[in-house]
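Letter by letter, the chains look like this.
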Amino acid sequence: RIFKIYKRVLKQGRAIEPDSPAELLHDLRKDCKNLRYLMEYFQSLYPKQDTTALIKLIKVLLDNLGDFQDLQVQAEAIESFAEKMQEQGAPASALMAMGILVGDLLERQQQARDEFAALFSEFNNENNTQAFDKLFGLKTNS
């Protein structure tokens, strides 16, 4: 099961382009969480040093994906508040301040998205792929 989810994470992460919808990153985050939880739950069945290093990689990727998602939710919430405030006749200065805040959040979200490519590339490197395969890949008798 761990290896199956790992393969799904790789497939999803490799498919994400700079213009991919935010939902793809959110879906990837959910699968990364599942992968992390399974690895942590069954960690005692594998060499601790090997699993600890791989779990740390997943956590770094999850932090990035979480930041991306959180910033999106925050920006959308403030936009919604601003619309309601506008309907209630809020002063232009309050709406402008909220617009500046949303702009800042979206800028930070873009930075997280830009960092994703490098972080996923590190997660997806050959050494890590071999480590996942060695630990969790299907074992066949020779």
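What counts, and where the lines are drawn
- Residues numbered from 1 in each chain as written.
- Predicted model: local features only at pLDDT ≥ 70, side-chain atom pairs only at ≥ 80, totals over all residues.
- Heavy atoms only, no water.
- Helix = DSSP H or I, 4+ residues; strand = E, 2+ residues; numbered from the N terminus.
- Rg over C-alpha atoms; globule rule 2.2 N^0.38 Å.
- Buried < 20%, exposed > 50% of the residue type's maximum accessible area, 1.4 Å probe, protein only.
- Contact = heavy atoms within 4.5 Å.
- Areas by Shrake-Rupley, 256 points an atom, 1.4 Å probe, with all protein chains shown as cover.
- Lys, Arg positive; Asp, Glu negative; His and termini not counted.
- Charge placed at Lys NZ, Arg CZ, Asp CG, Glu CD.
- Patch = residues over 30% accessible without salt bridge, like charges linked within 9 Å, V, L, I, M, F, W, Y side chains within 5 Å.
- Salt bridge = Lys/Arg side-chain N within 4 Å of Asp/Glu carboxyl O.
- Arc of directions from axis to C-beta.
- Polar contact = N/O pair within 3.5 Å; in protein donor to acceptor, adjacent residues only side chain to side chain.
- Axes fitted to C-alpha atoms, helices over the stretch in contact; angles between N-to-C directions.
- Parallel < 35°, antiparallel > 145°, perpendicular 65-115°, else oblique.
- Left-handed = near helix turned anticlockwise from the far one by under 90°.
- Nonpolar A, V, L, I, M, F, W, Y, C, P; charged D, E, K, R; others polar.

Engineer: Sorry if this is basic, but what is going on with the overall build of the chain here?
Structural biologist: Looking only at helices and strands, the chain has five helices and zero strands in total. Order of helices (α) and strands (β) in the chain, N terminus to C terminus: α-α-α-α-α. The C-alpha radius of gyration computed for the chain amounts to 20 Å, which surpasses the reference 14 Å derived for 142 residues by more than 25%, pointing to a less compact arrangement than a globule. Viewed in the frame of its principal axes, the chain has a C-alpha envelope of about 75 × 25 × 20 Å. Looking at the chain as a whole, 35% of its 142 residues are labelled buried. Within the chain, counting contacts between residues at least 6 apart in sequence, those at least 24 apart form 73% of the total. Accessible surface, the chain: about 9100 Å² in total, of which carbon and sulfur atoms supply 53%. Once the 18 positive and 21 negative side-chain charges of the chain are each reduced to a mean point, those two points are 11 Å apart.

Engineer: Can you walk me through a negative patch on the surface in this structure?
Structural biologist: Together, E23, E76, E79, E83 and E87 line one region of the surface with negative charge. At four residues, helix α3 (residues 48-87) tops the list of elements feeding residues into the negative patch. For E83, the location among the structural elements is in helix α3.

Engineer: How should I be thinking about helix α5 (residues 126-136) in this particular structure?
Structural biologist: Note: α-helices contain 3.6 residues per turn, so residues at a spacing of three or four share the same orientation. Turning to α5, its buried residues number three or more, namely N128, T129, F132, L135 and F136. Buried residues in α5, looked at end-on, bunch into an arc of 140°, giving them a common side. Turned more than 90 degrees from where α5 packs its buried face, E126, N127 and K134 sit exposed. Buried residues along α5 sit against α1 (2-15), α2 (22-41), α3 and α4 (92-123). The backbone nitrogen of N127 has a side-chain oxygen 3.1 Å away, supplied by the residue at the start of α5, namely N125.

Engineer: Could you clarify how one ought to interpret the side chain of R29 in this entry?
Structural biologist: Inspection of the secondary structure puts R29 in helix α2. Among buried Asp, Glu, Lys and Arg side chains, R29 stands out as unpaired, with D70 the closest opposite charge at 4.8 Å. What R29 contacts, discounting residues up to four positions off in sequence, is L62, L65, G66 and Q69.

Engineer: Mind showing me how you'd approach the packing of α1 against α5 here?
Structural biologist: Relative placement of two packed helices is described by the angle separating their axes and the distance separating the axes. Running from N to C, α1 and α5 point in directions that differ by 155°, and their axes come no closer than 9 Å. When the axis of α1 is compared with that of α5, the two are roughly antiparallel. Crossing handedness for the pair α1 and α5: left-handed. Along its contact with α1, which presents I2, F3 and Y6, the element α5 presents N128, T129, F132, D133 and F136. By residue class, the composition of the contact of α1 with α5 is five nonpolar, two polar and one charged.

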